[in-house]
Amino acid sequence: MTEQSDAPTTPETPEAPHDPQATQGLENLLTEDRRFPPSSEFAAQANAGADLYAWANADRPGFWADQARDLLTWSTPFTQTLDWSDAPFARWFADGRLNAAYNAVDRHVEAGRGDRVALHFEGEGGDTRTLTYADLQREVSKAANAMAALGVGTGDRVAIYLPLIPEAVVTMLACARLGAPHSVVFGGFSAEALSSRILDAEATLVVTADGGFRRGNPSALKPAVDEALAKGAPSVRHVLVVRRTGQPVEWTPGRDVWWHEAVDVASPQHEPVEVDAEHPLFILYTSGTTGKPKGIFHTTGGYLTQAAYTHLNVFDLKPETDVYWCTADVGWITGHTYVVYGPLVNGATQVIYEGTPDTPHRGRWWEIVQKYGVTILYTAPTAIRTCMKWGEDIPAGFDLSSLRVLGSVGEPINPEAWMWYRRVIGADRTPIVDTWWQTETGAIMISPLPGVTATKPGSAQVALPGIAADVVDDDAKPVPNGAGGYLVVTEPWPSMLRGIWGDPERYRDTYWSRFRDLYFAGDGAKKDADGDIWLLGRVDDVMNVSGHRLSTTEIESALVAHPWVAEAAVVGATDETTGQAVVAFVILRGDAAEAASSDAATVQETLRTHVAKEIGPIAKPRQILVVPELPKTRSGKIMRRLLRDVAEHRQVGDATTLADSSVMDLISAGLARPA
Ligand code: WTA
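The protein chain appears in an unreviewed UniProt entry as Acetyl-coenzyme A synthetase from Cellulomonas iranensis. What UniProt records for the protein chain under Sequence similarities (unreviewed entry) is the sentence "Belongs to the ATP-dependent AMP-binding enzyme family." Its UniProt record gives the protein chain a comment under Catalytic activity (unreviewed entry), which states: "acetate + ATP + CoA = acetyl-CoA + AMP + diphosphate".

Following this line, the structure appears as structure tokens:
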């Protein structure tokens with residue numbers, strides 16, 4: 001039960017911006033002089049012009065109030081914009097009322113756009129489904145009625161553990177329709193991780209599937225739900241199960257209900273529940289620097305405003321003609337904001353794809369772009385780097401000429417990958433928007449505007465109109481151009497997290513105590529000579545593997561929960577494809593250590609599998625190194641910086657603050673010996 005470990009909620013303050021990689025990279029970053037201004041044709045037709053900055057700067061709250069009125073339909077209009085009197089707890093548009101699902105679905109149907117395609121679903125095996133906005137309205141209403149019949153009321157939490165199939169989108173919107181906050185748990189997380197999230201949110205319903213398709217095979221989901229609930233989950237009354245793969249499932253009568261039996265027969269009429277703007281829309285768990293994931297929660301009015309605004313302006317969406325595709329799973333914030341809420345509130349037509357990019361062949365994504373005529377593509381640097389590795393002749397085999405805007409998210413994009421993306425996928429023509437944001441920020445914060453900004457490969461560049469971000473030093477002073485420090489947000493924004501579920505103090509400690517009155521994002525950043533922002537990766541103990549956030553502490557807790565392990569230290573080591581990779585250093589217990597000396601491979605494999613079981617396959621260490629000691633300061637803090645040097649095969653840096661300075665020699669000597 002690692003995630004239940006009651007690790008103290010210490011303020012998640014960073015060491016100094018310690019990443020030596022970052023400093024080395026700075027030279028290159030600051031000499032990057034390639035610029036890609038938008039073409040005059042693109043600029044002329046763009047949704048957002050330079051005037052958007054002036055408008056927002058003139059009156060920031062007023063600007064957001066205008067966006068909220070223009071982009072959303074309110075059942076009760078708001079008269080207040082921002083209440084920051086109880087900072088850092090923000091209230092936006094607080095006396096307004098609305099429903100998120102109504103905004104994402106019904107109003108488009110009412111406006112005569114019911115025939116527009118909302119979702120082109122592409123299953124991994126090639127099965128497809130098309131849902132128009134009218135279809136979506138019917139499906140969401142039926143699901144809302146079925147869930148209400150299972151006892152879900154306004155304010156109840158619903159856990160969602162589904163593959164990327166239309167039912168995932170439908171279930172999220174059905175929750176929104178009822179005012180029942182959803183907590184989506186990525187299907188790649190383990191039963192253990194699912195259990196702790198269900199318990200923390202006290203979910204009353206779990207929506208899952210028998211399984212999904214992954215690399216050509218059915219991959220079960222229901223057994224993880226059964227296992228999670230067997231650990232005890234007093235709040236859960238029902239499990240609603242979508243039949244996707246047809247694989248056999250265990251059944252608990254009275255608790256388990258088939259989707260096709262409950263939803264298909266439900267009435268397609270459902271009145272959306274009007275909620276306050278500050279009513280919680282969802283909880284999404286993300287890794288912090290302690291062992292316990294944080295339930296980040298977002299509310300309705302402000303979140304939807306910024307989701308719609310950013311989606312419209314950053315991607316230059318033209319809802320009548322664009323075909324938009326964000327490759328994220330709905331288990332991550334990118335899937336919440338840029339698969340579900342942003343695009344649907346804007347009435348977009350989009351593609352969702354269930355599977356992996358290389359099933360059944362490495363051109364699958366490009367085949368999908370060609371098939372649906374995708375015009376806007378939003379993906380992660382790790383995927384771009386993987387495609388680079390596979391070779392450019394693969395995308396060259398498909399017609400990608402429909403593309404007109406490319407987006408990147410989740411981790412810093414290195415200039416080579418940026419250039420490749422633009423040249424090979426974008427035919428040297430499409431603007432690239434490198435978008436910086438977080439689960440906590442809810443929506444994009446820093447990004448070029450495609451019709452305005454002369455883009456620079458590798459830089460997210462500027463805060464969006466309406467957003468105030470800066471880079472500060474240890475004393476919270478803005479750094480001059482050319483210098484580095486910590487990224488902060490200096491003014492509240494509509495889609496900001498409203499807190500950590502059930503733990504307001506941890507919210508204050510984590511984000512608002514490092515620099516008083518400034519939101520501390522946990523990222524290191526630099527300003528270049530023009531004042532543009534370059535993101536340099538995390539400065540805390542959070543790793544970013546393939547754009548997924550993982551906590552070093554959480555993986556360490558999982559490792560020490562294994563009977564063989566006495567102590568563990570985990571670092572994120574630079575990896576060419578995944579950005580960072582998990583490397584674990586473990587000290588084995590006496591008896592296990594003896595066995596390990598003869599069979600290191602078994603120890604490694606056992607521990608890797610153990611981590612996958614405790615957290616999920618995404619957290620599996622790339623490497624596990626058995627060591628006799630760990631480098632610690634006199635106060636007992638593990639010096640991960642030194643371990644990172646070892647993991648990245650660098651000369652070990654300054655070790656003078658170690659309690660025992662010979663430890664690094666011991667570690668290096670041990671690793672040099674063949675296992
Ligand atoms: C990183 C994902 C550089 C960053 C939306 C942040 C980025 C963390 C970028 C949040 C980017 C995200 N450039 N780094 N464009 N986008 N990050 O919560 O370290 O999964 O703090 O949200 O990803 O990850 P999360």
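S.K.: What's the story with the overall build of the protein chain in this structure? I'm lost.
M.R.: Helix and strand counts for the protein chain come out as 22 helices and 30 strands. Expected size for 675 residues packed as a compact globule is a radius of gyration near 26 Å; at 24 Å, the protein chain falls within 12% of this value. A principal-axis box enclosing the C-alpha atoms of the protein chain has dimensions of 75 × 65 × 55 Å. Classification of the 675 residues of the protein chain by burial places 61% in the buried group. At a minimum sequence separation of 6, the contacts of the protein chain that also span at least 24 residues come to 72%. Here the protein chain has roughly 24,100 Å² of accessible surface; of this, 51% comes from carbon and sulfur atoms. Distance between charge centroids for the protein chain: 1 Å, based on 59 positive and 86 negative side chains.

S.K.: Where do I start with the nonpolar core in this structure?
M.R.: Here is a general trend for soluble globular proteins: nonpolar side chains tend to be buried in one another's company. Grouped together as the largest cluster of nonpolar side chains are 160 residues, with contacts concentrated most on L136, L173, L240, Y341, I555 and L559. In contact with L240, other than residues within four places in its own chain, are M147, L150, L205, V206, V207, T208, V257, W258, W259, A262 and V263. Formed by 28 residues, the second largest nonpolar core is a distinct cluster that contains V351, C387, A417 and Y421.

S.K.: How should I be thinking about the pattern of salt bridges in this particular structure?
M.R.: A side chain of one charge can pair with a side chain of the opposite charge when the charged atoms of the two come close. Counted under the stated rule, the structure contains 44 salt bridges. Notably, a salt bridge pairs R423 with E392, separated by 3.0 Å at the nearest N-O pair. Placement of R423 in helix α16 (residues 415–425) and of E392 in the loop between α14 (381–390) and α15 (393–396) is noted, with a sequence separation of 31 residues between them. Overall, E392 belongs to the partly exposed group, its relative accessible area being 36%.

S.K.: I would appreciate a short explanation of the UniProt feature "binding site: ATP" (unreviewed entry) in the protein chain in the present structure.
M.R.: Residues given the UniProt feature "binding site: ATP" (unreviewed entry) here are G410, E411, P412, D434, T435, W436, W437, Q438, T439, D523, R538 and R549. Looking only at the residues we just named, the largest cavity is lined by Q438, R538 and R549. When you line up the elements, E411 lands in the loop between β19 (405–409) and α16. At a separation of 3.1 Å, a polar atom in the side chain of E411 contacts the main-chain amide nitrogen of T382. Mapped onto the elements, Q438 comes out in the loop between β20 (432–435) and β21 (469–472). Excluding anything up to four places from it in sequence, Q438 contacts I333, Y519, A521, D523, R538 and R549.

S.K.: Help me out: how do you make sense of the site of the ligand in this one?
M.R.: Lining the immediate environment of the ligand, one finds 17 residues, of which D434, T435, T439, D523 and R549 sit closest. T435 places a main-chain nitrogen or oxygen 2.8 Å from a nitrogen atom of the ligand. Within the side chain of D523, a nitrogen or oxygen atom sits 2.6 Å from an oxygen atom of the ligand. Coverage of the ligand by the protein chains reaches 97% of its 530 Å² of free accessible surface.

S.K.: Explain the sheet that holds strand β25 (residues 533–538) here, please?
M.R.: In a beta sheet, neighbouring strands are held together by backbone hydrogen bonds and run either parallel or antiparallel to one another. Read across the sheet, four strands follow the order β21-β22-β24-β25 without closing on themselves; strand pairing throughout is antiparallel. Edge strands, defined here as strands with exactly one partner in the open sheet, are β21 and β25. The sheet shows a mean angle of 45 degrees between the axes of neighbouring strands, taken without regard to direction. Note: strand β24 (residues 519–527) against β25, four bridges, orientation antiparallel.

S.K.: Just checking my understanding: could you explain the packing of aromatic side chains for this structure?
M.R.: Here a ring pair, both rings aromatic, is described through the centre-centre distance and the interplanar angle of the planes. Enumeration according to the criterion identifies 35 aromatic pairs in this entry. Ring centres of F89 and Y507 lie 5.0 Å apart, and the angle between their planes is 55 degrees; on these two criteria the pair is classed as tilted. You can see F89 sitting in the loop between β1 (82–83) and β2 (91–92) and its partner Y507 sitting in helix α17 (residues 504–512), a full 418 residues away along the chain. Here Y507 falls in the buried class, since its relative accessible area comes to 0%. Ring centres 5.5 Å apart and planes at 55 degrees place the aromatic pair W92 and F93 in the tilted group. The same class applies to W92 as to F93, namely buried. Connected via pairs of aromatic rings, a cluster forms that spans W84, F89, W493, Y507, Y511, W512 and Y519.

S.K.: How do you make sense of the packing of helix α11 (residues 301–314) against helix α12 (residues 333–345) when you look at a structure like this?
M.R.: One can describe the packing of α11 onto α12 by two numbers: an axis separation of 8 Å at closest approach and a directional angle of 85 degrees. Taken together, the axes of α11 and α12 lie roughly perpendicular to each other. Along its contact with α11, which presents Y303, L304, A307, A308, T310 and H311, the element α12 presents H336, T337, Y338, Y341, G342, P343 and V345. Of the residues that constitute the contact of α11 with α12, the class distribution is eight nonpolar, five polar and no charged.

S.K.: Is there a simple way to think about the UniProt feature "binding site: CoA" (unreviewed entry) in the protein chain in this case?
M.R.: Using the residue numbers shown here, the UniProt feature "binding site: CoA" (unreviewed entry) corresponds to R214, R215, G216, N217, T334 and S546. A stretch of 333 residues holds the annotated residues, and the largest C-alpha distance among them is 25.5 Å, long enough that they do not meet in one place. Along the chain, R215 falls in the loop between β9 (211–214) and β10 (217–220). You can call R215 exposed: its relative accessible area is 53%. In contact with R215, not counting residues within four places along its chain, are E124, T356, D358 and T359. For G216, the location among the structural elements is in the loop between β9 and β10.

S.K.: Any chance you could explain unusual backbone geometry here in plain terms?
M.R.: Excluding glycine, residues mostly carry a negative phi; peptide bonds, for their part, are mostly trans. Across the junction of A87 and P88, the peptide omega takes the value 5 degrees, indicating a cis bond. Structurally, P88 is set in the loop between β1 and β2. Cis geometry marks the peptide bond from T359 to P360, where omega comes out at -5 degrees. Mapped onto the elements of the fold, P360 is located in the loop between β17 (349–353) and α13 (364–372). Located in the positive-phi region is R215, a residue other than glycine, with phi close to 50 degrees. Its identity as a non-glycine residue notwithstanding, D316 has a phi of 55 degrees, on the positive side. Assignment of secondary structure puts D316 in the loop between α11 and β16 (323–326). Judged by relative accessible area, D316 falls into the buried class, the value being 0%.

Procedures and definitions
Along each chain, residue indices are assigned from 1 in the same order as the chain's sequence is written. Totals for whole chains, interfaces and linings use every residue, but because this is a predicted model, local features are given only for residues with pLDDT of at least 70 and side-chain atom pairs only at 80 or more, for both listing and counting. As a convention, hydrogens and water are excluded, and side-chain values are obtained from all of the structure's heavy atoms. UniProt positions are given in the numbering used here, feature names are shortened, and annotations may be inferred rather than shown by experiment. Runs of E in the DSSP output that reach at least two residues are strands. Runs of H or I that reach at least four are helices, and both are numbered from the N terminus. With C-alpha atoms as the basis for the radius of gyration, the globule rule is written as 2.2 Å multiplied by the number of residues raised to the power 0.38. Partly exposed residues are those whose accessible area sits between 20% and 50% of the maximum for their type, while under 20% is buried and over 50% is exposed, using a 1.4 Å probe and protein chains only. By the convention used here, residues are in contact when the closest approach between their heavy atoms is within 4.5 Å. In short, Shrake-Rupley with a 1.4 Å probe defines the accessible areas, and a residue's cover is counted only from the protein chains shown. The charge count includes Lys and Arg as positive and Asp and Glu as negative, but it does not include His or the ends of the chains. All charge positions are set by atom: Lys at NZ, Arg at CZ, Asp at CG, Glu at CD. Buried Ala, Val, Leu, Ile, Met, Phe, Trp, Tyr and Cys residues form a nonpolar core when they are joined through side-chain atoms within 4.5 Å. Basic side-chain nitrogens of Lys or Arg form a salt bridge, by our definition, when they fall within 4 Å of a carboxyl oxygen of Asp or Glu. Only protein atoms enter the 1 Å grid used here. Points where a 1.4 Å probe fits but cannot escape make up a cavity, open sets with protein on both sides within 12 Å along at least five of seven lines make up a pocket, and a residue lines them when an atom lies within 4 Å of a point. In protein, a polar contact means a hydrogen-donor-capable atom and an acceptor-capable atom, both N or O and within 3.5 Å, with residues adjacent in sequence counting only if both atoms are side-chain atoms; elsewhere, any N or O pair within 3.5 Å suffices. What makes a residue near a molecule or strand is one non-hydrogen atom of that residue sitting within 4 Å of it. Note on pairing: DSSP must find at least two bridges between two strands before they are called paired. Between N-to-C directions, angles span 0 to 180 degrees; the directions come from axes that are lines fitted to C-alpha atoms, helices contributing only their stretch in contact. Stacked, edge-to-face and tilted labels apply to pairs of Phe, Tyr and Trp rings (six-membered ring for Trp) whose centres lie within 6.5 Å, assigned for plane angles under 30 degrees, over 60, and everything in between, in that order. Here roughly perpendicular refers to angles of 65 to 115 degrees, roughly parallel to angles under 35, roughly antiparallel to angles over 145, and oblique to all remaining angles. Residue type decides the class: Asp, Glu, Lys and Arg count as charged, Ala, Val, Leu, Ile, Met, Phe, Trp, Tyr, Cys and Pro as nonpolar, and the leftover types, Gly among them, as polar.

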